[in-house]
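# Summary of structural features
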Amino acid sequence: MEKNIRSRTGEVLIVVISAGAALLSAVLCHLSGPETARTVLLTMMACGCTIFAMELSRLRGGFLFDNGEKTGRFTGIYFLFLAGSLLFPFLPEGFWPFPVVFIGLMLFGNRIVGICAGSTLLLIAVLTEPNLGGDLFLIYFLGGLSSILVFSRAGQGVALPVWISLALHFLTACMDIVLIRGGVLDGRALLGLAGGSVLYLALLAVVWKAFCRLILYEGKDACAGLNDPEGPLLERLKECSREEYFHSIHTAYLCDKMAERLSLNQDEVKAAGYYHRIGMLEGMTSWENTQRVVQEYDFPDKVKDILREYLQDDRGIVSKEGAVLLFADTVVSSIDFLFSEEAGAKLDYGKLVEMISKKVIDSGELKNCRLSLCELEEIKKVLVEEEMYYEFLR
């Protein structure tokens, strides 16, 4: 309840402060009364789209990582970029780093939220240029949209997205100078473009570092000791039952692969995979037994939530993390059983994964899950791609 109140407060502040910033920008740029009214009203409409995108993402669990649970991070970076959008019109030509604004808002929210929020800030900046606003908005919007699409695959390596986004920034800056403002690419303009590129890379580095520190690697230290397959707790499980130990190792591996594909926190999901059978130490796998172990060893709250949902929650699986654990556990259990029946069996993993997916869906365990159909297909792809790994289960 308290978290929802904070989220709603942040959304109201986004609308109110953005409208106030648009009014201030219009006054500083000496816009007429009708132009000022247009700027403020269009800004509020754009903010409304951003708020709707945030609410829809929260309802469907569409935020990246844990951004839906910690919207204060998004609100903070939005206001930082809002301050920048008021300054951008006063920068020299070629210095507008708007693609990095779109990228940052996407990383701290998701794609649709990044597009809506980035467009809102871009709108505030370009409406202060009455004669150029429409064309300026178009080229920087397309530059920001392209950068979001490029960075959507940054988890597979960030170097290429950085250079592609820099090229997009350079291209939009050239279009701004030559096609919109009617300038020429002389020595002075090229020097400005070089300076703008340096500024762009510096801002992108700051945003990426903040993203890594606050989101990508958050909780990594807390899970570092837990995600050691030779750690003391897993060694206890190995002594209790070698079968359960190796089942947990294989489950954690698949959890890690699927979490990476879905842009979830890999360390937390992997830890849930390692310890979903840890209740065996207290006699049998149940949430009551598991709870005693995880409290004794002070597990991170997110890992506890995944395990509690998976082992106890009457609603079935709601979170994407819980769905990943369900699929990993079911696949490992199914292959283990088939190999125990016939060690040399030749399995068609594509058909097996399809059959398991249908069984899981028909069971109703995912009826309240936030997993989208596209994400379900990605899970199935990962499970099929790991067919070489399944040989370790023989």
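Residues numbered from 1 in each chain as written. Predicted model: local features only at pLDDT ≥ 70, side-chain atom pairs only at ≥ 80, totals over all residues. Heavy atoms only, no water.

## Things to note about the overall build of the protein
For the record, the criterion: For helices the rule is a DSSP run of H or I covering at least 4 residues; for strands it is a run of E covering at least 2, with both sets numbered from the N terminus onward. Burial classes: relative accessible area under 20% of the type maximum marks a residue as buried, over 50% as exposed, and values in between as partly exposed (1.4 Å probe, protein chains only). In what follows, a contact means two residues having at least one pair of non-hydrogen atoms within 4.5 Å. Accessible surface is estimated by sampling points in the Shrake-Rupley manner with a 1.4 Å probe; for residues, cover comes only from the protein chains shown.
Assigned secondary structure in the protein consists of 17 helices and zero strands. Looking at the protein as a whole, 51% of its 394 residues qualify as buried. Put simply, 73% of the contacts in the protein that link residues at least 6 apart link residues at least 24 apart. Within the structure as shown, the protein displays about 18800 Å² of accessible surface, and the carbon and sulfur contribution to it stands at 61%.

## Description of the packing of aromatic side chains
Given two aromatic rings, one states the distance between the centres and the angle between the planes to describe the pair. As a reminder of what qualifies: Under the pairing criterion, centres of Phe, Tyr and Trp rings, with the six-membered ring standing for Trp, must be within 6.5 Å; the plane angle then separates stacked pairs below 30 degrees from edge-to-face pairs above 60, leaving the rest tilted.
Within this structure, the stated rule accounts for 16 aromatic pairs. Here the aromatic rings of Trp96 and Tyr140 are separated by 5.2 Å at their centres, their planes lie at 35 degrees, and the arrangement is tilted. Placement of the pair is Trp96 in the loop between helix H3 (71-87) and helix H4 (98-107) and Tyr140 in helix H6 (residues 133-151), with a sequence separation of 44 residues. Residue class for Trp96 comes out buried when judged on its relative accessible area of 1%. On the numbers, 5.7 Å between centres and 10 degrees between planes, the contact of Phe137 with Phe141 is stacked. Placement of the pair is Phe137 and Phe141 together in helix H6, with a separation of four residues, close to one helical turn. Among the aromatic side chains, those forming a connected cluster through ring pairs are Phe88, Trp96, Phe98 and Tyr140.

## Let's talk about helix H12 (residues 266-275)
As a reminder, the rule being used: Two N or O atoms count as a polar contact when they lie within 3.5 Å, although within protein this holds only if one can serve as hydrogen donor and the other as acceptor, and sequence-adjacent residues are included solely when both atoms are side-chain atoms.
In terms of residue burial, H12 counts as a mostly covered element, since eight of its 10 residues are buried. Of the positions making up H12, those classed as buried are Asp267, Glu268, Val269, Ala271, Ala272, Gly273, Tyr274 and Tyr275. Where H12 begins, one side-chain oxygen reaches toward the backbone nitrogen of Asp267, 3.2 Å away; that side chain belongs to Asn265.

## Details of the packing of helix H7 (residues 159-180) against helix H8 (residues 187-216)
To keep things clear, this is the line we draw: For every element, the axis is a line fit to its C-alpha atoms; helices are fit only across the contacting stretch, and the angle between N-to-C directions ranges from 0 to 180 degrees. Angles are sorted into four bins: roughly parallel if under 35 degrees, roughly antiparallel if over 145, roughly perpendicular if 65 to 115, and oblique for all others. A clockwise turn of the near helix away from the far one marks a right-handed crossing, whereas an anticlockwise turn of less than a right angle marks a left-handed crossing. Just so you know the grouping, Ala, Val, Leu, Ile, Met, Phe, Trp, Tyr, Cys and Pro go in nonpolar, Asp, Glu, Lys and Arg go in charged, and all remaining residues, Gly too, go in polar.
Following both chains from N to C, one finds H7 and H8 inclined at 140 degrees, their axes separated by 10 Å at the closest point. Here H8 runs oblique to H7, going by the angle between their axes. Judged by the twist between their axes, the crossing of H7 over H8 is right-handed. Seen from H7, the contacting residues are Val162, Ser165, Leu166, His169, Phe170, Ala173, Cys174 and Ile177; seen from H8, they are Leu193, Gly196, Ser197, Tyr200, Leu201 and Leu204. Looking at side-chain class alone, the contact of H7 with H8 contains 10 nonpolar, four polar and no charged residues.

## So, the packing of helix H16 (residues 349-362) against helix H17 (residues 373-385)
Across the interface, H16 lies against H17 with an axial gap of 9 Å and an inter-helix angle of 145 degrees. The interaxial crossing formed by H16 with H17 has right-handed handedness. Across the interface between the two elements, Tyr349, Gly350, Val353, Glu354, Ser357 and Ile361 from H16 touch Leu376, Lys380, Leu383 and Val384 from H17. Across the contact of H16 with H17, the residue classes tally to six nonpolar, two polar and two charged.

## Quick word on the nonpolar core
To be explicit about the condition: Here, the term nonpolar core denotes a set of buried Ala, Val, Leu, Ile, Met, Phe, Trp, Tyr and Cys residues that are joined through side-chain atoms within 4.5 Å.
In terms of nonpolar packing, the biggest core is built from 55 residues, with Met258, Tyr275 and Leu383 touching the most fellow members. Elements with a contribution of two residues or more to this core: helix H10 (232-240), helix H11 (242-261), H12, helix H13 (287-296), helix H14 (301-311), helix H15 (320-341), H16 and H17. With 10 residues, the top contributor of residues to this core is H15. Beyond its immediate sequence surroundings of up to four residues, Met258 is in contact with Val324, Phe327, Ala328, Ile379, Val382 and Leu383. Counting 49 residues, the second-largest nonpolar core is a separate cluster that includes Ala53, Leu82, Val101 and Ile180.

## Topic: the pattern of salt bridges
Basically, it comes down to this: Within this document, salt bridges are pairs made up of a side-chain nitrogen of Lys or Arg and a carboxyl oxygen of Asp or Glu, the two lying within 4 Å of each other.
The final tally for this structure, using the stated rule, is 14 salt bridges. Salt-bridge contacts for Arg277 lead to Asp329; the nearest nitrogen and oxygen are separated by 3.3 Å. With Arg277 in the loop between H12 and H13 and Asp329 in helix H15, this residue pair connects regions lying 52 residues apart in the sequence. Residue Arg277 is classed as buried on the basis of its relative accessible area of 16%. The shortest N-O distance in the salt bridge between Arg292 and Glu282 comes to 3.8 Å. Here Arg292 is found in helix H13, whereas its partner Glu282 is found in the loop between H12 and H13, with 10 residues between them in sequence. Salt bridges sharing partners connect three or more residues here, namely Arg8, Glu11, Glu55 and Arg58.

## Considerations on unusual backbone geometry
Note on backbone geometry: most residues besides glycine have negative phi, and most peptide bonds are trans. The phi torsion at His30 lies on the positive side, around 55 degrees, for a residue other than glycine. In this structure, His30 sits in the loop between helix H1 (2-28) and helix H2 (33-60). His30 sits in the exposed class, given a relative accessible area of 71%. The phi angle at Ser263 is positive, at roughly 60 degrees, despite the residue not being glycine. Positionally, Ser263 belongs in the loop between H11 and H12.

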